[in-house]
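# Topology and contacts: notes
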Amino acid sequence: AQALTVLGLESSCDESAAAIVRRNADGRIEVLADCVLGQEDAHAPYGGVVPEIAARAHAEAMDHLARRALAESGLVLDDMDAIAATSGPGLVGGVMAALMTAKGLALGAGKPLIAVNHLEGHALSPRLSGALVFPYLLLLVSGGHTQLLAARGVGDYQRLGSTLDDAAGEAFDKTAKVMGLGFPGGPALERCAKDGDASRFELPHPLAGRPGCDFSFAGLKTAARQIWDGLDTPTDKDRADLAAGVQAAIARSLAERSGRAMAQFAGEFGPGSHTFVVAGGVAANTAVRTALEAEAAEHGFTLSAPPMKWCTDNAAMIALAGVERLARGDTDGLDAPARARWPL
Ligand code: KG4
Ligand code: ZN
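Per an unreviewed UniProt entry, the protein carries the name tRNA N6-adenosine threonylcarbamoyltransferase and comes from Hyphobacterium marinum. Per UniProt, the protein carries the Sequence similarities (unreviewed entry) text "Belongs to the KAE1 / TsaD family." Of the protein, the UniProt comment under Subcellular location (unreviewed entry) reads exactly: "Cytoplasm".

## Observations concerning the UniProt feature "domain: Gcp-like" (unreviewed entry) in the protein
As annotated in UniProt, the feature "domain: Gcp-like" (unreviewed entry) corresponds to residues 30-319 in the numbering used here. Secondary structure over residues 30-319 splits into 48% helix and 18% strand, and the C-alpha atoms at its two ends are 11 Å apart.

## Description of the domain arrangement of the protein
Segmentation of the protein into domains returns domain 1 (4-130 + 313-327) and domain 2 (143-308). Of note, the centres of domain 1 and domain 2, computed from C-alpha atoms alone, are 28 Å apart. In this assembly, 14 residues from domain 1 lie in contact with 16 residues from domain 2. Elements that contribute at least two residues to the side of domain 1 that touches domain 2 include exactly helix 1 (40-43) and helix 4 (118-124).

## So, the packing of helix 2 (residues 51-73) against helix 3 (residues 92-109)
Describing two packed helices takes the angle between their axes plus the distance from one axis to the other. Relative orientation of the contacting elements helix 2 and helix 3 amounts to 25°, with a least axis distance of 7 Å. When the axis of helix 2 is compared with that of helix 3, the two are roughly parallel. Considering the relative orientation of helix 2 and helix 3, their crossing is right-handed. Here Pro51, Glu52, Ala54, Ala55, His58, Ala59, Met62, Asp63 and Ala66 of helix 2 come into contact with helix 3, specifically with Gly93, Gly94, Ala97, Ala98, Thr101 and Leu105. Considered class by class, the residues forming the contact of helix 2 with helix 3 number nine nonpolar, four polar and two charged.

## Structural notes on helix 8 (residues 236-269)
Here helix 8 contains 34 residues, and its C-alpha end-to-end distance of 48 Å stays within 8% of the 50 Å for a straight helix at 1.5 Å per residue. Two residues or fewer past helix 8, Gly270 is found with a positive phi of approximately 90°.

Parameters and conventions
Residues numbered from 1 in each chain as written. Chains lettered and ligands numbered in written order. Predicted model: local features only at pLDDT ≥ 70, side-chain atom pairs only at ≥ 80, totals over all residues. UniProt positions renumbered as here; feature names shortened; annotations may be inferred. Helix = DSSP H or I, 4+ residues; strand = E, 2+ residues; numbered from the N terminus. Domains from an automatic or database assignment. Contact = placed C-beta atoms within 7 Å. Axes fitted to C-alpha atoms, helices over the stretch in contact; angles between N-to-C directions. Parallel < 35°, antiparallel > 145°, perpendicular 65-115°, else oblique. Left-handed = near helix turned anticlockwise from the far one by under 90°. Nonpolar A, V, L, I, M, F, W, Y, C, P; charged D, E, K, R; others polar. Expected span 1.5 Å × (residues − 1).

Below you can see the structure in the form of structure tokens.
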């Protein structure tokens, strides 16, 4: 195989990003540039991502980031074999920023365009850090997604389960907001939970024991809000105990549902040592990781997580998906649409 080099752009949530990834002739993956610009400060006053603010910030940042990625790699646009961009799913105003920039660059430089599914980027992200052989089981837990996927090969993903309502990160963020802990809520709630007693408040076990591998977090979020509203003047101890309880409940649910997926995966691909990859911002949570590690060990799986910078939204995973798609001759026309919803 010949070496392939792709510029990837990402703007589907609140991270603007550009990266350049090369797949060498021997198959080795190299990240030649990896630029990310977060928008946390712009959204913090509102306690959540504001789509219009996100879209404008992406539109302002995108061309600068593309130029910075090229400078970082020491390459020029003409060295690229294709231009890739996330074209969904996500906040569609934001998605358009990366997609339109990619279309402009592809058109101007006469390069193919690759419209990437953001979820495929996440599914392939563990392969940025080294050889990870297919098949593997992936849990994607972020602010926007909670899904279990069997990755059987490039372009070949089987969805084993996904959330019926909120994403796990949303449950963290919304509960943290109710408790006045600030934005982004996940890390704030984890800090608050540090010395809390997770067993003090009784919280539901969503879907526990039910068949399948779907998730549900809306009931948990509502239960936490009711407990919070029932506290007269919450003390620091109340706050810590509730935060710890919610965190433990989310971790328990993620582990229980993942355990079911591991059993299903082993049933399909045979016993033996499989890899269970966890990606997405929520994977940063220590209680979540500990619960997943224990569950994986119980099922004979090895837990692996990409480094945090590739676990959260980034463009390297989009460029990698672009490389893999290009290698199969799978490119898109300039009419590729931005999509708010796009199941993998
Ligand atoms: O993958 P990500 O950076 O962005 C997308 O949502 O695509 O994930 C962000 C989510 C947010 O909901 C954030 O609160 C959550 O990940 N998160 C955490 C922690 N760090 C980030 N949740 C719990 N504990 C954490 N330490
Ligand atoms: Zn994402």
